[in-house]
Amino acid sequence: MRFTSIGRRVAPLAILALSALASTAQAKTPTDPSGTYLTEDGRARVRLEKCGTAGDRLCGYVVWLKVPLNDKGEPRIDFKNPDPKKQARPSLGHQLILGLKPNADAHFEGKIYNSEDGKSYDVTIWTDTPGELTVRGCLIAFLCKSQTWTKVTDLAPGQLPGPTNGPNGPRTDPEYASAAPKPTAKAGAKPAQKPAATEAPPAE
């Protein structure tokens, strides 16, 4: 009788505990921050979108610059990049959010590239308020600073409107580009046969 009473008391508690765990698991799913944001200093607009072969990464690209030209009146380039192959690429359209992964805190974390010094830093990105993005960058573990980026929906003069890697769009770094799916043979299709070798005519 006593065991039955205890069981009746424990069962509801177990159900509540499982429900709490399920709610916690759901709460840990990161909110998709895809969209275009104006940086806190107003100097750039950054487009965020899902990337990677599984679509679970977060990439970001500079699609607008407040000052797109240098002192010589020429388009700015990424001349401080440590990769010589990227030093001549335009600053407008380059990738700066480098394939962030979701973490246990329902944030996206990874690396952000700073073209002003050619270095990459640890970054964590998340959104708690509609229309706002929190970007927390860290030079070292205990030296971090947060910014708030504001979501925009208009198209500013000079902004890249095209799709990523398409006409008038930003460009993905090769190491973060999604691998193209390999073509699969259709059901019932016969493998291509090699053409039969022809004999060379006898020499006269």
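As recorded in an unreviewed UniProt entry, the chain goes by Protein of unassigned function and comes from Methylobacterium oryzae CBMB20.

## Let's talk about the overall build of the chain
Check the secondary structure of the chain and you find 1 helix and 8 strands. Counting the 204 residues in the chain, one finds 30% classified as buried. In the chain, the proportion of contacts linking residues at least 24 apart, taken out of those at least 6 apart, comes to 45%. Split by element, the accessible area of the chain, about 14,300 Å² in all, is 58% carbon and sulfur.

## Description of the side chain of histidine 107
Inspection of the secondary structure puts histidine 107 in the loop between strand S4 (95-102) and strand S5 (108-114). Here histidine 107 falls in the buried class, since its relative accessible area comes to 19%.

## A word on the packing of aromatic side chains
One pass over the structure, following the stated rule, counts 0 aromatic pairs. Above the ring of tryptophan 64, the side-chain terminus of arginine 45 is found at 5.7 Å from the ring centroid.

What counts, and at which threshold
Residues numbered from 1 in each chain as written. Predicted model: local features only at pLDDT ≥ 70, side-chain atom pairs only at ≥ 80, totals over all residues. Heavy atoms only, no water. Helix = DSSP H or I, 4+ residues; strand = E, 2+ residues; numbered from the N terminus. Buried < 20%, exposed > 50% of the residue type's maximum accessible area, 1.4 Å probe, protein only. Contact = heavy atoms within 4.5 Å. Areas by Shrake-Rupley, 256 points an atom, 1.4 Å probe, with all protein chains shown as cover. Phe/Tyr/Trp six-rings, centres within 6.5 Å; stacked < 30°, edge-to-face > 60°. Lys NZ or Arg CZ within 6 Å of the ring centre and 35° of its normal.

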